[in-house]
Amino acid sequence: MGDAAWCLTLYSGMGASSGIAGGELLGTMLQRHGDDLPAALDAWEARMRPFIGHQQDTILSMRRLFTPDDRREQLLRTGMLRLMRAPGIGRAMSKIMAKDMQAKNLDVAAA
């Protein structure tokens, strides 16, 4: 599971975490649905798909942060990192980034 199951890349930073969460959730759904394997798998997918979809959607922006593709992206990255250290602006940027971190910290297996 994880990187292999959902095509997450290094840039998402969620391969191992999603693999562990997916395995835990699968166990929970199998336990809840007893002998009804199709229902357990449907419930598992309904819970995992939005979580993984969000991680896949953010990969491109994270790639630009880790490995800028060209001079323009390098300058944007450098500017963003400098702004994050600036008083006031840094706090505002942290709040924006915290929204994405909430999605990464979601306990998808808890229900």
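Here, the structure is the one placed above.
Please read all numbers here as calculations on a predicted model, not as lab measurements.

1. Notes on the overall build of the chain
Phase 1: Across its full length, the chain holds six helices and zero strands.
Phase 2: Of the regular secondary structure in the chain, the N- to C-terminal order runs α-α-α-α-α-α.
Phase 3: Residue burial in the chain is summarised as follows: out of 111 residues, 28% are buried.
Phase 4: The long-range fraction of contacts in the chain, counting pairs at least 24 apart against all pairs at least 6 apart in sequence, stands at 53%.
Phase 5: With the model as given, the accessible surface of the chain reaches about 7500 Å², and the carbon-plus-sulfur share is 60%.

2. What to know about the packing of helix 2 (residues 15–32) against helix 3 (residues 37–57)
Phase 1: Here helix 2 crosses helix 3 at 150°, and the two axes come no closer than 9 Å. Between helix 2 and helix 3, the angle is such that the two are roughly antiparallel. Of the two elements, helix 2 crosses helix 3, and the hand of that crossing is right-handed. Across the interface between the two elements, S18, G22, L25, L26, M29 and L30 of helix 2 pack against L37, A40, L41, A43, W44, R47, M48, F51 and I52 of helix 3.
Phase 2: Its residues placed into classes, the contact of helix 2 with helix 3 shows 12 nonpolar, two polar and one charged.

3. A closer look at helix 2
Phase 1: A rise of 1.5 Å per residue sets the reference length of helix 2, with its 18 residues, at 26 Å; its end C-alpha atoms lie 26 Å apart and thus fit the reference within 8%.
Phase 2: Along helix 2, the residues classified as buried are G15, S18, G19, A21, G22, L25, T28 and M29.
Phase 3: Once helix 2 finishes, G34 follows within two positions and takes phi at roughly 55°, a positive value.

4. Here we look at the nonpolar core
If you look at soluble globular proteins, the nonpolar side chains tend to sit buried side by side.
Phase 1: Ranked by size, the top nonpolar core spans 11 residues in total: M14, A21, L25, M29, A40, W44, M48, F51, I52, V108 and A109.
Phase 2: At the level of secondary structure, the elements contributing two or more residues to this core comprise helix 2 and helix 3.
Phase 3: Here the element with the most residues in this core is helix 3; it accounts for five residues.
Phase 4: Apart from the residues within four sequence positions on either side, A40 is in contact with M29, L30 and H33.

Cut-offs applied
Residues numbered from 1 in each chain as written. Predicted model: local features only at pLDDT ≥ 70, side-chain atom pairs only at ≥ 80, totals over all residues. Heavy atoms only, no water. Helix = DSSP H or I, 4+ residues; strand = E, 2+ residues; numbered from the N terminus. Buried < 20%, exposed > 50% of the residue type's maximum accessible area, 1.4 Å probe, protein only. Contact = heavy atoms within 4.5 Å. Areas by Shrake-Rupley, 256 points an atom, 1.4 Å probe, with all protein chains shown as cover. Axes fitted to C-alpha atoms, helices over the stretch in contact; angles between N-to-C directions. Parallel < 35°, antiparallel > 145°, perpendicular 65-115°, else oblique. Left-handed = near helix turned anticlockwise from the far one by under 90°. Nonpolar A, V, L, I, M, F, W, Y, C, P; charged D, E, K, R; others polar. Expected span 1.5 Å × (residues − 1). Core = buried A, V, L, I, M, F, W, Y, C linked by side-chain atoms within 4.5 Å.

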